[in-house]
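# Examining the three-dimensional arrangement
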Amino acid sequence: MKICYSEGFLRLDSNEVGFTRANVDAICSIGKSSKLKSLDRTRSIGKKGIGFKSVFKIADSVWIASGHYSFKFDKGQLLGMIAPIWEKFPQTRLEGWTSFLLKLSPSCDTVNLVSQLRSLDSRTLIFLRKLVEVKVEISDDHVRPVANLTRRDMSGFSGLQQLNLEGDECSPFIVSRHSPPTHVCTGHDLPIDLGDIWIVFPSIPTGAPDKTHNTFSFLPIRNYGLKVSPKT
């Protein structure tokens, strides 16, 4: 994924496979998420198709270019947050990529936005299933790789695994994963995946100063001051 901030705009590009007609229908609606019909839906984030609409907290207009599709949403228009306006993407497209361009609202706190981009925690990537690398570019600043995750196939392993984050002083990380059994809830026709529990320990050299680390639930919760000391 590439994230680029320039004055008044925020752009996101990813090399995912591209929108299908069902994806376009889903992003234009509420309650029609394409994840509902996916075989992998129990491992997807979101369900009701409202996640994308949150971009209008900070943006007045959003352009989307993916595959054969190019359109925008404009919250200043009648039904503008759900009715697509078929329009050419206003910036250069990346061939084979999906791109979002947000025209930020005057009320958007861009100082805070830039601060969050600069402080993006590379360790978030450990807990994401498909995202391997993020690059952030801020105005005329140079492209800054946030992290490169050396990912192994984590399905069905037992015991401990090791993962590496490029440029992270605590890398490599020792990872243990527990997958609770699925169960069926009343009103659901498919088993519900309870999600995985990951325990990740940074590799801290002997004698290194104490440091707190984030706890993650898809995204960081907050720092916890749990101190771990190696045996001497």
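Remember, predicted model here, so these are calculated numbers, not experimental data.

### Topic: the packing of aromatic side chains
A complete count under the given rule lists six aromatic pairs for this structure. Between the aromatic rings of Phe71 and Phe73, the centroid separation amounts to 5.6 Å while the plane-to-plane angle is 90°, which identifies the pairing as edge-to-face. Phe73 matches Phe71 in its accessibility class, with the two residues each being buried. Aromatic ring contacts, followed pair by pair, group Phe19, Phe52, Phe56, Phe71, Phe73, Trp86 and Phe100 into a single cluster. The ring centre of Trp97 lies 4.8 Å from the NZ or CZ of Lys2, which sits over that ring.

### Notes on the pairing of strand 6 (residues 98–104)
Burial analysis of strand 6 places six of its seven residues in the buried class, the great majority of the element. Sheet topology note: the strand 3 (residues 59–66)/strand 6 ladder contains six bridges and is antiparallel. Bridging across to strand 6, Trp63 finds its partner in Leu101.

### Focus: the environment of Val132
Tracing the sequence through the fold places Val132 in the loop between helix 2 (110–118) and strand 7 (133–138). The partly exposed category is assigned to Val132, whose relative accessible area is 36%. For the pair Val132 and Leu165, spaced 33 residues apart in sequence, the C-alpha separation works out to 9.9 Å.

### What to know about the pattern of salt bridges
Enumeration according to the criterion identifies three salt bridges in this entry. Here Asp13 makes a salt bridge to Arg11, at a shortest N to O gap of 3.0 Å. With a relative accessible area of 9%, Arg11 lands in the buried category. In this structure, Asp60 engages Lys75 in a salt bridge whose closest nitrogen and oxygen atoms are separated by 3.6 Å. One end of the pair, Asp60, is in strand 3; the other, Lys75, is in the loop between strand 4 (69–74) and strand 5 (85–86), and 15 residues separate them in sequence. For Asp60, a relative accessible area of 25% corresponds to the partly exposed category.

### Overview of helix 2
Every buried residue of helix 2 is accounted for by Leu113, Val114 and Leu117. The arc enclosing the buried residues of helix 2, seen along the axis, measures out at 95°, which places them on a common side.

### Focus on unusual backbone geometry
A positive phi angle, near 60°, is found at Leu79, a position not held by glycine. Relative to the elements of secondary structure, Leu79 occurs in the loop between strand 4 and strand 5. Judged by relative accessible area, Leu79 falls into the exposed class, the value being 55%.

Parameters at a glance
Residues numbered from 1 in each chain as written. Predicted model: local features only at pLDDT ≥ 70, side-chain atom pairs only at ≥ 80, totals over all residues. Heavy atoms only, no water. Phe/Tyr/Trp six-rings, centres within 6.5 Å; stacked < 30°, edge-to-face > 60°. Buried < 20%, exposed > 50% of the residue type's maximum accessible area, 1.4 Å probe, protein only. Lys NZ or Arg CZ within 6 Å of the ring centre and 35° of its normal. Helix = DSSP H or I, 4+ residues; strand = E, 2+ residues; numbered from the N terminus. Pairing = 2+ DSSP bridges. Salt bridge = Lys/Arg side-chain N within 4 Å of Asp/Glu carboxyl O. Arc of directions from axis to C-beta.

Keep in mind these numbers describe shape, not what the thing actually does.
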